[in-house]
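Notes for the structure review
Here's the letter readout for the chains.
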Amino acid sequence: MKKHNFSAGPSILPRIALENSAKAILDLNGIGLSLLEISHRSKDFQAVLDETVALFHELLNIPAGYQVIFLGGGASLQFCMIPYNFLNRKAAYLETGVWAQKAIKEAKFFGEVDVVASSGDRNFCYIPKGYSIPADADYFHITTNNTIYGSEIRYDIDSPVPLIADMSSDILSRPIDVSKYSMIYGGAQKNLGPAGVTFVILKEDMLGKAERKIPTMLNYATHTKEPSLYNTPPVFAIYTCLETLRWIKGLGGVKVIEAMNNAKAKLLYDAIDNSRMFVGTVDKDSRSIMNICFVMKEQYQDKEDAFMELAKTKGMIGIKGHRSVGGFRASTYNALPIESVQALVDAMQEFEKTNA
Ligand SMILES: *Cc1c(COP(=O)(O)O)cnc(C)c1O
């Protein structure tokens, strides 16, 4: 049976990226060796790294003065590296969910943290507005897409201090104005590649400002000086990212991806909004186009398990909502085809016919 993979992460990747990665494991570009058994300093791997960086620059239209580097440790290690490198006195954070909270927790090890606004009063079902960013903060940190709660900041914020964004779950889902950010980072496993690599887009003027000593591996300067090659980078994960980037470029770039994402999200949100049974959990102006969260209306809540069973028989994977929200979460990342969203909508409508 065809599977419809709505997993929140690790999650669906373009089929062609998986196929080409499988080939590269056996024989990279016909060199007679596996991608996994050559030196990360060989010219063959350097070519992989160079093309991956170049495609990041091209697809996101990254201006001069930025470096793209690949690190290990997941987005979670960045929660610590960011304040280690950039928080001298005070940093500002926007609290929009669990990932933001984890970032805030790490920052508190290094200095004062000003949480400028939080949507925790309503279980993170909206993006706060009308807050002010302190001009004396070393930086302002946001999580653009809240993977667990399904809210998203789908615009580029104007910040008076360096803006740092965790884009783990919405990188390359829409065009962004990189010049408004001093750093963009994320784990690859939501929208880009396999777990094990973290991308960092760093504005070079952020370097050299730390007032503390930083251990070598945790210092961004180490990884920009010898770009992604201070130590052995996650070579396979980087290769699959390259294949995903090639796929995006082949489709026509991030604008095309955005249109596809908007169409998928509209299809599912319309079905939710027109349903007698299902209801969205996020305020309409804050809805994510990557993670679509919904529950059953109160009078039908005892039917959630039955819908889950029906969905399972139709090949739906990963639609159970996170335990902190309940209900359902359909992750509609870049690589998810609209046919899978249509299949979910059909299942919802079929279930509603017999149960509501
Ligand atoms: C998944 C996720 C993380 C954590 O990523 P790891 O690579 O597992 O550390 C951080 N931020 C967001 C927004 C995420 O979705």
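Preceding this section is the structure that the text describes.
Since the structure is predicted, the reported quantities are computational estimates derived from the model, not experimental observations.

**Concerning the pairing of strand β2 (residues 66-71)**
Regular strands place side chains that alternate from one sheet face to the opposite one. In terms of burial, β2 is a largely internal element, six of the six residues being buried. Burial of β2 is two-sided: the residues Tyr66, Val68 and Phe70 facing one way and the residues Gln67, Ile69 and Leu71 facing the other way are all buried. Alignment of β2 against strand β10 (residues 198-203), held across six bridges, turns out to be antiparallel. In the strand pairing of β10, leucine 71 is matched with threonine 198.

**A few points about the environment of isoleucine 338**
The topology assignment puts isoleucine 338 in helix α9 (residues 338-355). Measuring from C-alpha to C-alpha, the distance between isoleucine 338 and histidine 141 comes to 32 Å, with 197 residues separating the pair along the chain.

**Brief notes about the pattern of salt bridges**
By the definition in use, this model includes 17 salt bridges. Across the pair aspartate 136 and arginine 89 runs a salt bridge, and its minimum N-O distance is 3.5 Å. Residue aspartate 136 is found in the loop between β4 (112-118) and β5 (140-143), and its partner arginine 89 is found in the loop between α3 (74-86) and β3 (90-95); the two are separated by 47 residues along the sequence. Judged by its relative accessible area of 48%, arginine 89 falls in the partly exposed class. Salt-bridge contacts for lysine 284 lead to aspartate 273; the nearest nitrogen and oxygen are separated by 3.8 Å.

**Observations concerning the pairing of β3**
Counting buried positions over the six residues of β3 gives six, a clear majority of the element. By the alternation rule, side chains of β3 split into Lys90, Ala92 and Leu94 and Ala91, Tyr93 and Glu95, which are all buried. Taken together, β3, helix α4 (residues 98-107) and β4 form a β-α-β motif whose crossover is right-handed. Where β3 meets β5, two bridges bridge the pair, whose relative direction is parallel. Across the sheet, alanine 92 pairs through a bridge with phenylalanine 140, a residue of β5.

**Re the site of the ligand**
In the vicinity of the ligand lie 14 residues, with Ser76, Thr147, Asp166, Gln189 and Lys190 positioned nearest. Contact between the ligand and threonine 147: an oxygen atom at 2.5 Å from a side-chain N or O atom of the residue. The separation between a nitrogen atom of the ligand and a polar side-chain atom of aspartate 166 is 2.6 Å. Among the detected pockets, the ligand sits in the largest pocket. When residues in the shell around the ligand are grouped by element, the largest group, four residues, is from α3.

**With respect to the layout of surface pockets**
Over the atoms a probe the size of a water molecule is rolled, and this reveals where empty space is left. Empty space within the largest pocket amounts to approximately 270 Å³. Surrounding the largest pocket, 19 residues form its lining, Ala8, Trp99, Thr147, Gln189 and Lys190 being those nearest its centre. Here the lining of the largest pocket is built from residues that sort into six nonpolar, 10 polar and three charged.

**Examining the nonpolar core**
The tendency in soluble globular proteins is for nonpolar side chains to be buried side by side. Ranked by internal contacts, the top residues of the largest apolar core, which has 52 residues, are Phe56, Leu60, Phe140, Ile142, Leu172, Ile184 and Ile201. Those residues in contact with phenylalanine 140 that sit more than four places away from it in its chain are Ala92, Tyr93, Leu94, Val116, Tyr131, Ile133, Ile157, Ser159, Val161, Pro162, Leu163 and Ile164. Counting 34 residues, the second largest nonpolar core, distinct from the first, contains Phe278, Ile292, Phe307 and Leu310.

**Overview of α9**
What sets the pattern is the α-helix's 3.6 residues per turn: residues three or four places apart point alike. Relative to the 26 Å expected for 18 residues at 1.5 Å per residue, α9 spans 26 Å between its end C-alpha atoms, a close match to the ideal helical length. Those residues of α9 that fall on the buried side of the exposure criterion are Ser340, Val341, Ala343, Leu344, Val345, Ala347, Met348, Phe351 and Glu352.

**Regarding the sheet that holds β10**
Strand order across the open sheet formed by seven strands is β2-β10-β9-β8-β5-β3-β4, with mixed pairing between neighbours. Two strands lie at the open edges of the sheet, namely β2 and β4, each paired on one side alone. Shown here is a sheet whose adjacent strand axes are inclined to one another by a mean of 20°, direction ignored. Strand contacts of α4: β3, β4, β5 and β8 (163-166), with the helix running at about 165° to β3, the strand carrying the most contacts.

Conventions adopted
- For every chain, the first residue of its written sequence is number 1, and the numbers climb from 1 along that sequence.
- This being a predicted model, a pLDDT of at least 70 is required before a residue's local features are given, and a value of 80 or more before pairs of side-chain atoms are given or counted; all residues contribute to the totals for chains, interfaces and linings.
- Calculation of side-chain values draws on the structure's entire complement of heavy atoms; hydrogens and water are dropped beforehand.
- Only protein chains enter the calculation, and the probe is 1.4 Å; a residue is then buried if its accessible area is under 20% of its type maximum, exposed if over 50%, and partly exposed in between.
- We count a stretch as a helix when DSSP gives it H or I for four or more residues in a row; a strand needs E for two or more, and each element gets its number in order from the N terminus.
- A strand pair is defined by DSSP finding two or more bridges across the two strands.
- We define a salt bridge as a contact between a side-chain nitrogen of Lys or Arg and a carboxyl oxygen of Asp or Glu at a distance within 4 Å.
- Whether a crossover is right-handed depends on one test, that the path from the first strand over the helix to the second runs clockwise when the strands point away from the viewer.
- Residues are labelled near a given molecule or strand when at least one of their non-hydrogen atoms is within 4 Å of it.
- In the analysis that follows, any N or O atom pair within 3.5 Å is treated as a polar contact, provided that within protein one partner can donate a hydrogen and the other can accept it, and provided that, for residues neighboring in sequence, both atoms belong to side chains.
- In the cavity and pocket records, a cavity denotes points on a 1 Å grid over the protein atoms alone where a 1.4 Å probe fits but cannot get out, a pocket denotes an open set with protein on both sides within 12 Å along at least 5 of 7 lines, and lining residues are residues with an atom within 4 Å of a point.
- Throughout, a molecule is located in a cavity or pocket provided that more than half of its atoms lie within 2 Å of its grid points.
- Grid points are joined across faces, edges and corners, and a volume is the space filled by probe spheres set on the points.
- Polar here means any residue other than Ala, Val, Leu, Ile, Met, Phe, Trp, Tyr, Cys and Pro, which are nonpolar, and Asp, Glu, Lys and Arg, which are charged; Gly is therefore polar.
- By convention a nonpolar core is built from buried Ala, Val, Leu, Ile, Met, Phe, Trp, Tyr and Cys residues, the set being connected through side-chain atoms within 4.5 Å.
- Here, two residues are considered to be in contact whenever any of their heavy atoms come within 4.5 Å of each other.
- Between the first and last residue of a helix there are one fewer steps than residues, each counted as 1.5 Å, and that sum is the expected span.
- Under this scheme, a helix contributes an axis fitted over its contacting stretch, all axes are lines through C-alpha atoms, and angles between N-to-C directions fall in the 0 to 180 degree range.

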